[in-house]
Amino acid sequence: MIYDSIKKLVTYGLETGLISQSDKVYATNRILEALALEEYEEPEQDYSNIDLESVLAELLDYACEKGLCENSVVYRDLFDTKLMGLLTPRPSEVDKIFWGLYDNQSPRAATDYFYKLSQDTDYIRRYRIKKDMRWKSATEYGDLDITINLSKPEKDPKAIAAAKLAKQSGYPKCLLCYENVGYAGRVNSPARQNHRIISLKIDGNDWGLQYSPYVYYNEHCILFNKRHTPMVIDKGAFRKLFSFTEQFPHYFIGSNADLPIVGGSILSHEHFQGGHYEFPMAKAEVEKEIVFKGYENVKAGIVKWAMSVIRLNGKNKDEIIELADKILKCWRGYTDEDAFIYAETNGEPHNTITPIARMRDGNYELDLVLRNNITTEEHPLGVYHPHAELHHIKKENIGLIEVMGLAVLPSRLKGEMELLADTLVNKGVSAVRSNEVLEKHADWVEEFAPAYDITTGNVNNIIQTEIGKVFSKVLEHAGVYKRNPRGEEAFQRFIYYVNSAK
């Protein structure tokens, strides 16, 4: 049976184009080596349309049975990545094909190739990604994207214990470093033998382009500096964003902010995130036009969005970059006590920007989302962060992806919402508060339930709709200027401040 599984994996490599016919014997022998086999007799049966997940499961079961691999998800992931690495083309070959397609066909053809490769190598595990729950929720800001992330496997207790005992290594320095390419991994660091990165120049410097293994949206890519250097939002960051969109005009690119709470999970390594997707914020229109003195050729305005967004659009990228830099510098040092905006407290800076760049109808476009990470006793996780009453749905930081209108919600919600649906239909609203798992949702449920006639047929849609409304409030909480007369007046004071600055 193991010979059949080996033949199926090699056939998968041939079907997907990871290997060619002349690589067949070589690939077979590499797999034999990984499985500690010294002999092989090719089965007579031919296979086609190989299901990768089931073939890898067969090979992993064999490896565990023979003591080559611990039978837990962390160790199985390390081993099957090792197997897939044996079928994955060398980095130089991937680079050559990518740039050949880029030069001779189009940037779109190049990214199409690379995205398919990243899935075929199982770096992006299609069979896990499809488990994620996704839906759209109508709000006053348009249809927001909601996803419950189920594709990250939960570590088992044995692997967690082993990780605690494992020697801490400084190689690679972080999960974004270029040194991850081909790395075998360990119990506390993922295997990356099947990982490939495209080398490219961004604003004259060496950067790498890869896809996220978790694909929160279509062609979710990560662009990172090949040097391990911290995140910084400055004029140079705006130049780098446009350097990328000029090369890949079908992709947007954005950056997390560079301060804790309002920033991303990895602030130690400069990187951006992009992809071939139009987010709800990109679809939102400008509701109030702005004229910035000295930059009359740049079309500017405040976006109709839950957060505080200034959109710049024009033909001249240098003018947009100069204006964006002026806005950023003004915002870094801006304090408005009446609006509870402080540039710093006790020497700790609070103001920064989440920028997103794209090409739109031949023009350069840059969205600047104003951020502030101040905390108080009432809001210890952040004043401009989801407040405590929303933590039953979303407690985590609001980074770039959420800012643009896609909620990445914790996996616990799947089970909780299934239990909530059953409770509402069979036991009623009053039973929610007495349930240990659901108690945290009780205030929320008691608020929305009276508006509905809840039945088995509509309960799931109702819950999804109400989760969308919560995410809309999450974004409003993260906005520094609230969408009311007082907030709009405060926003205009900042615009006046920018126009008054030299």
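Structure's up top.
Below or above, wherever it landed, is the structure these notes cover. The residue numbering used here restarts from 1 in each chain and proceeds along that chain's sequence as written. Per-residue local features of the predicted model are confined to residues with pLDDT of at least 70, and side-chain atom pairs are confined, for both listing and counting, to 80 or more; whole-chain, interface and lining totals are unaffected and use all residues. The basis for every side-chain value is the complete set of heavy atoms in the structure, and neither hydrogens nor water enter the calculation.

Describing unusual backbone geometry
Put simply, the rule is: Only DSSP runs of H or I covering at least 4 residues are called helices, and only runs of E covering at least 2 are called strands; the numbering of each starts at the N terminus. Only protein chains enter the accessibility calculation, which uses a 1.4 Å probe. A residue is then buried if its area is under 20% of the maximum for its type, exposed if over 50%, and partly exposed in between.
In this chain, Tyr171 is followed by Pro172 through a cis amide linkage whose omega measures -20°. Along the chain, the position of Pro172 falls in the loop between α8 (157-165) and β3 (198-202). For Phe340, which is not glycine, the phi dihedral falls at a positive 55°. Mapped onto the secondary structure, Phe340 falls in the loop between α11 (317-332) and β11 (344-345). We note that Asp361 has phi near 50°; this positive angle belongs to a residue other than glycine. Tracing the chain through its elements places Asp361 in the loop between β13 (351-360) and β14 (363-372). Owing to a relative accessible area of 77%, Asp361 belongs among the exposed residues under this scheme.

So, the pairing of β14
Just so we agree on the cut-off: We call two strands paired when DSSP finds no fewer than two bridges between them.
Counting buried positions along β14 gives 10 out of 10 residues, so the element sits mostly inside the fold. What you see with β14 is no split at all: Asn363, Glu365, Asp367, Val369 and Arg371 on one side and Tyr364, Leu366, Leu368, Leu370 and Asn372 on the other are buried throughout. Summarising the sheet, strand β10 (residues 309-314) and β14 pair through six bridges and their orientation is antiparallel. The residue of β14 that forms the bridge with Asn313 is Glu365. In the sheet, β13 pairs with β14 via 10 bridges, with the strands oriented antiparallel. Bridge assignment links Arg358 to a residue of β14, and that residue is Glu365. The hairpin formed by β13 and β14 contains two residues between the paired strands, and Asp361 there has a positive phi angle of roughly 50°.

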